[in-house]
Amino acid sequence: IAIDSFVFAEDAIAFVVHKDFPADSISLEVLSNILSGKTTNWKSITGSDLPVNIFGRQSNSGTHQFIGRKLGISFSRAAKEMNGNAQIIEAVKMDPSGIGYVGAGYVSGNPGVQVKVLSIYTKTGKKAISPLDETAIKNKLYFFQRPLFQFIPQGSIEKVRDFLAFQQSEKGLDLIRRAGYYPVINTP
């Protein structure tokens, strides 16, 4: 069956650390070294002599695979595989040497998470971008963002036009935001 697809939202992945973590941003190179297991201690990064503890998703998770592909790495065997955002947040909250990744929407709309969201910079001297910066996401400036697609059978646009109009309404856009995503304003 032939299909039409279009992007209706952007998803962003947030890297989170303990609320008292001494840095606010991290480079892709350092992050890659941490997640791959090349860097196993925070001393060279923060000055604190603490082992790095990685909390992430299972290896069959789309988010796990997305991050690995974006960084061109295989995750460290020492990374702890968790079931979801809530479990990762709880682990990082309790561990001053932990780092994890979750959907940005999970931390942006949830002030009770009590973790620090790291901004990411691609090169030294470049501005670090936060996954919580809606303008940066809209302009596709954040390294760990990905489009979310909707698919419909070709020729069936009239059958879904009312739904698409609702989705682009203020109420529909608000639902997308409350689900933790950044809406893309367009119609197919």
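What comes next concerns the included structure.

Cut-offs used in this document
- Residues numbered from 1 in each chain as written.
- Predicted model: local features only at pLDDT ≥ 70, side-chain atom pairs only at ≥ 80, totals over all residues.
- Heavy atoms only, no water.
- Helix = DSSP H or I, 4+ residues; strand = E, 2+ residues; numbered from the N terminus.
- Buried < 20%, exposed > 50% of the residue type's maximum accessible area, 1.4 Å probe, protein only.
- Contact = heavy atoms within 4.5 Å.
- Areas by Shrake-Rupley, 256 points an atom, 1.4 Å probe, with all protein chains shown as cover.
- Lys, Arg positive; Asp, Glu negative; His and termini not counted.
- Charge placed at Lys NZ, Arg CZ, Asp CG, Glu CD.
- Pairing = 2+ DSSP bridges.

1. Overview of the overall build of the protein
- Counting secondary structure elements, the protein contains eight helices and eight strands.
- Burial statistics for the protein: of 188 residues in total, 45% are counted as buried.
- For the protein, restricting intrachain contacts to residue pairs at least 6 apart in sequence, the fraction spanning at least 24 positions comes to 70%.
- Carbon and sulfur atoms make up 51% of the accessible area of the protein, which amounts to about 10300 Å² in all.
- Positive and negative charge centroids in the protein, built from 21 and 16 side chains respectively, lie 4 Å apart.

2. A short note on the pairing of strand 1 (residues 3-18)
- Summarising burial for strand 1: twelve of the 16 residues are buried, a large majority.
- Looking at chain direction, strand 1 and strand 7 (residues 145-153) are connected through nine bridges and run antiparallel. Opposite Val7, over in strand 7, you have Phe149 as the bridge partner.
- As paired elements, strand 1 and strand 8 (residues 182-183) share two bridges and run antiparallel to each other. Bridge pairing links Ala9 to Pro183 in strand 8.
- Judged from the five bridges that link them, strand 1 and strand 5 (residues 98-103) form a sheet pairing that is antiparallel.

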